[in-house]
Amino acid sequence: ASSFRAEHMTATTVPTLALPGGGVMPAIGYGTWLSKPGEVYAGTKKAIELGYRHIDEAWVYKNEAEVGKAIKEVIAEGTVAARADLWITSKLWQCHHRTELVREGCLDSMTQLGVEYLDLYLMHFPVAFVPGCDEAVSADQMDDVPIEDTWRAMEKLVDEGLVRHIGVSNFEIAELKRVQAVASKPIACNQFETHPYYQRRELFEYCQSHGIAVTAHSSMGGGANAMRKFHKSPPLTDDPVIGEIAAKHGTSPHVVLLAWGLRRPMAIIPKSVTPKRIQANKDEVLALQLDEDDLAKIAGLDKPGLDGCYCHPRTPWLGRSEFTGDTKHYYG
């Protein structure tokens, strides 16, 4: 299982997750998905100033250049001594799954971010789109590229020194097994949606038992994400049990949700562009000690199937609805 270094956890010490093959990843990162243009630059810079050292990015977020500008400036200004003080994750999008395009996709992210290597590079989803397609809205835009082939091409990025660790995102157990069957390098991490309404216990335990670190996305339920029209559950931050636990500890529901994830243990990557919230998402989360009663109550919040899923609950390219030629029925 991934070890969790939290023996001396304080409001200023971010714990780490050990990765297979060596190395540790800061367990609190700054998330950048769905940040508005201009905001992610300021948010990233503030996060690093406040002690974040892990930045979670992806090619498809279309804001890597802004994050790269922030990284360049914090190094120049001495906020961090060097690039090596930061952990930078990015992700391979579906249009780059063909083996001859994997390196191109990685280099594009690195160029935008202004870095000479990535600490972690993830296969964003276990599906492929035809080259040049950012979002498949019809079956003919899907590409038949085995995830095993894409993984082998990602392994070459490590051999070349472009990437330190490789992993996956939004993979189920069956897909993890397919990669493991051919991998010559370990799956360092699986990043997937998980929170009290969508706890994914079987998937989490599989990753733990195979030494695959877990990063949780949508930890606070993604109540305001682009798919909110199609969520079966109300915002997780409005849940009365979470609210009761927050009141008991004199904190916010957001902090309770993040603390639950961190102590599971998983890496968390909360996104905010508000300086006060950015700080709370680290310092207040580290300071909160959930007790056994809290954890038992949260364990009872899990929902069946996709009822608790806030991220891609109806996406056709994941097999959760039919293609219609547009995104109106699954991505508001």
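Conventions adopted
- All chains use their own residue numbering, which begins from 1 and follows the written sequence.
- Confidence filtering applies because this is a predicted model: local features only for residues at pLDDT of at least 70, side-chain atom pairs given and counted only at 80 or more, and all residues used for totals across whole chains, interfaces and linings.
- Hydrogens and water molecules were not included; the side-chain quantities draw on all heavy atoms of the structure.
- Here a Phe, Tyr or Trp ring, Trp counted by its six-membered ring, pairs with any other such ring whose centre lies within 6.5 Å, and the pair is stacked when the planes are under 30 degrees apart, edge-to-face when over 60, and tilted otherwise.
- Helix and strand definitions here come from DSSP, where helices need a minimum of 4 consecutive H or I residues and strands a minimum of 2 consecutive E residues; each element is numbered from the N-terminal end.
- A simple rule labels every residue: compare its accessible area, found with a 1.4 Å probe on the protein chains alone, to the largest value its type can have, and call it buried under 20%, exposed over 50%, or partly exposed in between.
- Sitting over a ring, as applied to charges here, requires NZ of Lys or CZ of Arg to be within 6 Å of the ring centre and within 35 degrees of the ring normal.
- In what follows, salt bridge is the name for a side-chain nitrogen of Lys or Arg lying within 4 Å of a carboxyl oxygen of Asp or Glu.
- Among buried residues, those of type Ala, Val, Leu, Ile, Met, Phe, Trp, Tyr and Cys that are joined through side-chain atoms within 4.5 Å constitute a nonpolar core.
- Contact definition: two residues touch when any of their heavy atoms are within 4.5 Å.
- pLDDT expresses how confident the predictor is about each individual residue, on a scale running from 0 to 100.
- One requirement defines pairing of two strands: DSSP has to find at least two bridges between them.
- Helix axes use the C-alpha atoms of the stretch in contact, all axes being lines fitted to C-alpha atoms, and the angles between their N-to-C directions lie in the range 0 to 180 degrees.

Visitor: Could you give an account of the packing of aromatic side chains, naming the residues involved and the relevant values?
Guide: The final tally for this structure, using the stated rule, is eight aromatic pairs. Ring centres 5.3 Å apart and planes at 80° place the aromatic pair Phe129 and Trp317 in the edge-to-face group. Placement of Phe129 in strand β8 (residues 128–129) and of Trp317 in the segment after α10 (292–299) is noted, with a sequence separation of 188 residues between them. The buried category is assigned to Phe129, whose relative accessible area is 1%. By relative accessible area, which is 3% here, Trp317 ends up buried. Judged by centre distance (6.5 Å) and plane angle (50°), the ring pair of Tyr330 and Tyr331 falls under tilted. Since its relative accessible area comes to 0%, Tyr330 is described here as buried. When its relative accessible area of 27% is taken as the criterion, Tyr331 is described as partly exposed. Three or more aromatic residues link up through ring pairs in this structure, and these residues are Trp93, Phe125, Phe129 and Trp317. Sitting above the plane of the Trp59 ring, Lys62 keeps its charged end 3.7 Å from the centroid. In this structure, Lys303 is placed above the aromatic ring of Tyr197, and the distance from its NZ or CZ to the ring centre is 4.3 Å.

Visitor: Break down the pattern of salt bridges for me, citing the residues and quoting the values.
Guide: It is possible for side chains bearing opposite charge to pair when their charged atoms get close. If you walk through the whole model with that rule in mind, you get 20 salt bridges. Here Asp143 makes a salt bridge to Arg98, at a shortest N to O gap of 2.6 Å. Residue Asp143 is found in strand β9 (residues 142–143), and its partner Arg98 is found in the loop between β6 (87–92) and α3 (99–113); the two are separated by 45 residues along the sequence. Its relative accessible area of 31% is what places Arg98 among the partly exposed residues. The network of salt bridges with shared partners includes Lys45, Glu73 and Glu77.

Visitor: Mind laying out the nonpolar core, listing which residues take part and the relevant values?
Guide: Membership of the largest hydrophobic core comes to 78 residues, with the highest contact counts inside it found for Met25, Leu118, Tyr121 and Leu176. With seven residues, helix α8 (residues 253–262) is the largest single contributor of residues to this core. Setting aside anything within four residues of it in sequence, one finds Tyr121 in contact with Ser90, Lys91, Leu92, Val102, Gly105, Cys106, Met154, Leu157, Val163, His165, Ile166 and Gly167. Counting eleven residues, the second-largest nonpolar core is a separate cluster that includes Cys95, Val127, Phe129 and Trp317.

Visitor: Run through unusual backbone geometry, naming residues and quoting values.
Guide: Residue Pro265 is bonded to the preceding Arg264 through a cis peptide linkage, with omega at 10°. Note that Pro265 resides in the loop between α8 and β13 (267–268). Phi angles above zero are rare outside glycine, and Lys62 is one such case at about 60°. In this structure, Lys62 sits in the loop between β5 (54–56) and α2 (64–76). A positive phi is found at Asn170, a non-glycine position, where the angle reads about 60°. As for its position among the elements, Asn170 is in the loop between β10 (163–169) and α5 (173–182).

Visitor: Can you tell me about the confidence of the model for the chain, naming the residues and giving the values?
Guide: In this model, the chain carries an average pLDDT of 94, and 96% of its residues clear a pLDDT of 70 or more. When the criterion is pLDDT under 50, residues 1–11 qualifies, and its contacts beyond four places in sequence or with other chains add up to 28 contacts.

Visitor: Which residues make up the sheet that holds strand β7 (residues 118–123), and what values do they have?
Guide: Pairing in this open sheet of eight strands is parallel, and the strands run β4-β5-β6-β7-β10-β11-β12-β13 from one edge to the other. Strand pairing shows two members of the sheet lacking a second neighbour, β4 (30–31) and β13, which therefore form its edges. Taken together, the three bridges between β5 and β6 define a ladder with parallel strand orientation. Residue pairing in the sheet places His54 in a bridge with Trp87 of β6. Across the sheet, helix α4 (residues 147–160) lies against β6, β7 and β10, angled at about 160° from β10, the strand it touches most.

Visitor: Describe the pairing of β10, naming the residues involved and giving the relevant values.
Guide: Among the seven residues that make up β10, six are buried, leaving the element largely enclosed by the rest of the structure. Where β7 lies against β10, five bridges are found, and the strand directions are parallel. From the neighbouring strand, Leu122 faces β10, where its bridge partner is Gly167. The sheet contact formed by β10 and strand β11 (residues 189–193) spans two bridges and is parallel.

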